[in-house]
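# Commentary on secondary and tertiary structure
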Protein chains: 2
Amino acid sequence: MRDVAVIGVGLTKFGDLWETPLRDLFAEATLACVKDADIDKKQIQSAYIGCMTSGLFVAQEHLASILCDYAGLNPIGATRVESACASGGAAFRAAYLEVASGASDFVLAGGVEKMNDGADATYCLATAADQEYEVYHGVTFPGLYAMIAHAHMHRYGTTAEQLAAVAVKNHRNGAKNPYAQFPMEISIDTVLKSVRVAEPLGLMDCSPVTDGAGAALLCPVEVAKDLGRPFVKIIGSGHATDSIALHDRADLAAIPVVGRAARRAYEQAGVGSKDIDFCEVHDCFTIAEIVCTEELGFFERGHGGPSAADGLTALDGQIPINTSGGLKSKGHPVGATGIAQIAEVFWQLTGQAGERQLKKSPRLGMAQNMGGSGGSSTVHILEVVS
Amino acid sequence: MRDVAVIGVGLTKFGDLWETPLRDLFAEATLACVKDADIDKKQIQSAYIGCMTSGLFVAQEHLASILCDYAGLNPIGATRVESACASGGAAFRAAYLEVASGASDFVLAGGVEKMNDGADATYCLATAADQEYEVYHGVTFPGLYAMIAHAHMHRYGTTAEQLAAVAVKNHRNGAKNPYAQFPMEISIDTVLKSVRVAEPLGLMDCSPVTDGAGAALLCPVEVAKDLGRPFVKIIGSGHATDSIALHDRADLAAIPVVGRAARRAYEQAGVGSKDIDFCEVHDCFTIAEIVCTEELGFFERGHGGPSAADGLTALDGQIPINTSGGLKSKGHPVGATGIAQIAEVFWQLTGQAGERQLKKSPRLGMAQNMGGSGGSSTVHILEVVS
């Protein structure tokens with residue numbers, strides 16, 4: 001396999017983008033990415049685009065063709081990739097493998113979702129759960145993650161205040177991110193007193209419904225070296241699946257798919273959790289960040305909650321988590337999220353993260369993207385090349 | 001890039017499979033494929049599954065995870081791939097690239113669609129066209145292909161009888177295929193007198209609505225050699241996109257995306273159209289087969305219709321097309337079609353095509369899969385290894 005680099009990234013602003021059609025979102029992120037990488041877009045040979053459910057949200061499938069055509073990439077080979085909320089991470093991995101294989105030199109990994117065009121977002125998102133064994137019986141995602149939260153609280157003593165600490169920290173980071181949908185700081189009290197969605201999760205424990213897109217450009221490290229611009233190297237790529245229905249899991253207080261994907265990425269990279277300088281984690285709900293930081297090996301099982309409350313995951317903490325603001329503050333356009341995580345890791349590693357730039361120059365960054373209640377996950381480890 | 005082999009394939013029967021849920025369809029095809037390849041399914045490391053729109057047809061996304069879990073492949077990395085009716089071909093290409101890269105040895109390429117569960121199939125399929133510029137104004141796929149047919153008739157003098165000859169030939173082949181949805185022979189008169197759908201296309205010019213699944217197992221050629229069983233080698237893989245809206249095309253009597261994908265496959269394989277012994281072509285409508293056989297280089301532009309009528313594409317013709325019965329007779333479960341084409345090529349090349357086996361032992365077979373009205377296409381060339 002060839003070594004693969006990320007040479008540029010682009011994002012749209014995340015938010016309620018009523019006036020921007022789906023195809024424009026993708027074009028905007030792609031053109032920003034091409035500009036960032038400073039290449040001619042005619043050099044792009046292939047694209048993989050993560051999107052969860054444009055069919056349900058805006059009645060448009062055949063997505064990679066229409067998006068690439070509109071972004072001026074026609075007639076390259078282009079494929080839409082879906083793994084629920086891990087669609088962006090899966091698209092990034094597919095692009096990585098195509099460059100690694102030698103089939104193409106310049107491959108775009110994109111992600112997009114337009115969730116505010118009128119479709120019932122709760123219904124659309126619920127199609128990431130088991131339709132026949134979960135959704136039909138009335139459960140949707142806040143309820144599924146509430147079950148995980150209850151199990152974690154019962155087993156380890158995790159508290160509502162610890163969950164709230166995740167939201168507060170992510171909004172503190174997101175307030176420094178010009179792309180964030182909700183860039184305002186909040187207090188523990190705001191979270192605890194927010195409207196209940198599914199006990200113990202309130203509105204401020206939940207990531208929002210978001211329109212947005214992202215893109216990253218990949219090429220062989222040997223080619224990147226000649227471009228004379230900052231780049232990062234992909235040193236680990238892990239991908240795993242699990243049952244998408246919670247009833248088939250042995251332990252509701254764990255999300256084992258994340259640990260499996262992480263082990264594959266660590267093994268490929270030849271590093272361990274202690275070597276990672278910071279990580280973008282899939283915080284679709286506050287409890288998800290707590291469980292995932294345990295699965296990724298940053299904390300012992302049951303220590304995720306206290307660690308968040310004690311500031312170990314803050315910008316100046318032991319292992320900064322979601323410097324971007326995470327899904328909670330930055331927003332969660334589901335197909336784009338995995339690519340937005342890569343963008344943040346790229347910016348931090350190349351010193352372009354602005355007000356939220358980590359003080360100790362980070363060398364290894366990680367991005368962990370997750371589908372549904374843990375039915376799929378990707379983990380990528382990126383290294384800055386100095 | 002490593003050389004890659006196909007070592008086994010599996011299909012479900014195609015048809016109205018009311019009593020078989022989506023997940024069972026995939027599991028049935030996958031288990032048949034694993035049995036055919038004679039490996040332990042624990043050896044499979046990754047999967048790519050083509051499906052156009054399970055979200056709209058059966059309200060289930062996060063598809064690769066749920067299908068792999070149900071087929072006993074959990075916890076491998078698994079990704080659903082969508083490119084409308086070319087989803088199967090795109091999944092096959094992604095699997096090919098992962099094996100070629102060296103990341104994995106055994107990768108499954110699957111495809112599935114369940115179209116008869118009650119959703120409005122015409123609406124669901126129309127999401128493969130441009131929602132804002134085509135579908136909103138009332139056109140659906142029979143209408144789009146009718147425009148292509150009119151243009152081809154006007155430009156080249158193609159006749160309704162020549163279109164009908166495609167359907168008659170494909171039903172003659174499909175009648176020999178135990179997996180076919182409509183395995184009966186028909187006459188030219190049956191096609192010409194069939195209920196009009198969109199002039200000049202009647203019902204018998206159109207492929208049917210179908211439930212079904214397919215799977216193919218890929219591994220490095222070097223590994224396949226040690227398995228001691230028949231295999232075929234992938235020597236060319238082409239993928240291209242175009243505008244999905246017809247109004248953006250220069251010539252309605254052509255489908256240029258097919259020619260582009262074919263040129264990439266021919267170039268990689270180092271062969272030309274004259275070297276291909278037979279081809280599975282995306283005959284979603286009779287006119288599609290005629291135009292595609294021209295784009296693939298088997299016939300000069302405008303000669304596709306007369307060639308079909310003159311028997312050049314029959315089982316014993318100059319270039320047998322759709323020995324399986326094609327989408328027309330075998331059926332068209334859209335996400336599975338590209339994989340079913342690979343299965344037919346595999347069976348013909350390894351002498352396992354039963355009553356429809358080509359007499360002159362074929363050496364090179366081709367599979368051409370297409371999305372929408374030509375917004376995407378994949379072309380694969382496979383060679384038997386003797």
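Turning to the pattern of salt bridges, a few remarks are in order. All names here are of chain B. Summed over all chains, the structure comprises 41 salt bridges over all chains. Its salt-bridge partner being Lys 169, residue Glu 289 comes within 2.6 Å of it at the nearest N-O pair. Residue Glu 289 is found in helix α11 (residues 286-295), and its partner Lys 169 is found in helix α7 (residues 160-174); the two are separated by 120 residues along the sequence. Exposure remark for Glu 289: the relative accessible area of 2% places this residue in the buried category.

Let us now look at the interface of chain A and chain B. When the parts come together, some accessible area is lost, and that loss is often what is quoted as the size of the interface. On the chain B side, the residues contacting the 57 residues of chain A number 57 residues. Carbon and sulfur atoms supply 50% of the area buried between chain A and chain B, which totals about 4,300 Å² over both sides. Our count for the contact surface shared by chain A and chain B stands at eight salt bridges. We note a salt bridge from Glu132(B) to Arg23(A), for which the minimum N-O separation is 3.9 Å. Counting across the chain A and chain B interface gives 34 residue pairs in polar contact (both at pLDDT 80 or more). Sorting the residues of the side of chain A that touches chain B by element identifies α2 (54-58), α3 (63-70), β3 (77-82), α4 (87-101), β8 (232-241) and α10 (256-269) of chain A as the ones contributing at least two each. Along the lines of polarity and charge, the residues of the side of chain A that touches chain B split into 24 nonpolar, 20 polar and 13 charged.

Moving on, we come to the pairing of strand β7 (residues 212-220) of chain A. Residues and elements named next belong to chain A. Burial analysis of β7 places nine of its nine residues in the buried class, the great majority of the element. Where strand β1 (residues 4-11) and β7 come together, seven bridges link them in antiparallel fashion. Each bridged residue has a counterpart across the sheet, and for Leu 11 the counterpart in β7 is Gly 214. Strand direction decides the pairing type here: strand β4 (residues 107-113) and β7, joined by seven bridges, are antiparallel. What sits directly across from Leu 108, in β7, is Leu 217.

A full pass over the atoms with the stated rule returns four aromatic pairs over all chains. A cation sits over an aromatic face here: Arg23(A) above Tyr70(A), 5.5 Å from the ring centre.

A few words on the confidence of the model for chain A. The pLDDT averaged across chain A works out to 97; a share of 100% of its residues lies at or above 70. Taken together, the chains of this predicted complex give a pTM of 0.98 and an interface ipTM of 0.97.

A separate point is the domain arrangement of chain A. All names here are of chain A. According to the domain assignment, chain A consists of domain 1 (4-120 + 209-231) and domain 2 (138-205 + 235-385). Domain 1 and domain 2 are separated by 23 Å when their C-alpha centres are compared. Listed as interface residues are 41 residues of domain 1 and, on the opposing side, 34 residues of domain 2. For the pair domain 1 and domain 2, the summed buried surface comes to about 2,800 Å²; carbon and sulfur atoms form 68% of the total. Interface area lost by domain 1 to domain 2 is led by Leu 11, Phe 14 and Cys 85, which between them contribute 24%. The tally of links between domain 1 and domain 2 comes to zero salt bridges. Contributions of two or more residues to the side of domain 1 that touches domain 2 are made by β1, α4, β4 and β7. By residue number, the principal contributor to the side of domain 1 that touches domain 2 is α4, which donates seven residues. Considered class by class, the residues forming the side of domain 1 that touches domain 2 number 22 nonpolar, 13 polar and six charged.

We now examine helix α1 (residues 22-37) of chain B. Residues and elements named next belong to chain B. Its 16 residues give α1 an end-to-end C-alpha distance of 23 Å, which sits within 8% of 22 Å, the value for a rise of 1.5 Å per residue. Within the sequence span of α1, burial applies to Leu 22, Arg 23, Leu 25, Phe 26, Ala 27, Ala 29, Thr 30, Cys 33, Val 34, Asp 36 and Ala 37. Just downstream of α1 lies Asp 38, where phi reads positive at about 60°.

Next up on the list: the packing of α7(B) against α11(B). All names here are of chain B. At a minimum axis distance of 8 Å, the contact between α7 and α11 shows a crossing angle of 95°. It follows that α7 is roughly perpendicular to α11 by the angle criterion. Within the contact between the two elements, α7 uses Gln 162, Leu 163, Val 166, Ala 167, Lys 169 and Asn 170 and α11 uses Thr 286, Ile 287, Glu 289 and Ile 290. Of the residues assigned to the contact of α7 with α11, the class counts are five nonpolar, three polar and two charged.

Let's shift gears to the relation of the copies chain A and chain B. For the pair chain A and chain B, the relating rotation is 180°, the translation along its axis is 0.0 Å, and the fit reaches an RMSD of 0.0 Å. Considering both components of the superposition, the chain copies are consistent with a two-fold axis. It is Ser101(A) whose C-alpha, among those of chain A, lies nearest the rotation axis, at 1.8 Å. An overlap of 100% is found between the interface residues of chain A and their copies at the interface of chain B, pointing to a shared contact surface.

Tyr145(A) and Tyr145(B) are the most contacted members of the largest nonpolar core, which has 159 residues in total. With 70 residues, the next largest nonpolar core counts Tyr48(A), Leu97(A), Ala109(A) and Val9(B) among its residues.

It is worth spelling out the pairing of strand β11 (residues 376-384) of chain B at this point. Residue and element names in this part refer to chain B. The buried fraction of β11 is high, at eight of nine residues. The sheet contact formed by strand β10 (residues 364-371) and β11 spans eight bridges and is antiparallel. Bridging across to β11, Ala 367 finds its partner in His 380. Between β10 and β11, which pair antiparallel one after the other, the connecting turn spans four residues, and Gly 372 there sits at a positive phi close to 55°.

Rules of the game
- Residues numbered from 1 in each chain as written.
- Chains lettered and ligands numbered in written order.
- Predicted model: local features only at pLDDT ≥ 70, side-chain atom pairs only at ≥ 80, totals over all residues.
- Heavy atoms only, no water.
- Salt bridge = Lys/Arg side-chain N within 4 Å of Asp/Glu carboxyl O.
- Helix = DSSP H or I, 4+ residues; strand = E, 2+ residues; numbered from the N terminus.
- Buried < 20%, exposed > 50% of the residue type's maximum accessible area, 1.4 Å probe, protein only.
- Contact = heavy atoms within 4.5 Å.
- Buried area = accessible area lost by both parts, 1.4 Å probe.
- Polar contact = N/O pair within 3.5 Å; in protein donor to acceptor, adjacent residues only side chain to side chain.
- Nonpolar A, V, L, I, M, F, W, Y, C, P; charged D, E, K, R; others polar.
- Pairing = 2+ DSSP bridges.
- Phe/Tyr/Trp six-rings, centres within 6.5 Å; stacked < 30°, edge-to-face > 60°.
- Lys NZ or Arg CZ within 6 Å of the ring centre and 35° of its normal.
- pLDDT = per-residue confidence, 0-100.
- Domains from an automatic or database assignment.
- Expected span 1.5 Å × (residues − 1).
- Axes fitted to C-alpha atoms, helices over the stretch in contact; angles between N-to-C directions.
- Parallel < 35°, antiparallel > 145°, perpendicular 65-115°, else oblique.
- Least-squares fit on C-alpha atoms with pLDDT ≥ 70 in both.
- Core = buried A, V, L, I, M, F, W, Y, C linked by side-chain atoms within 4.5 Å.

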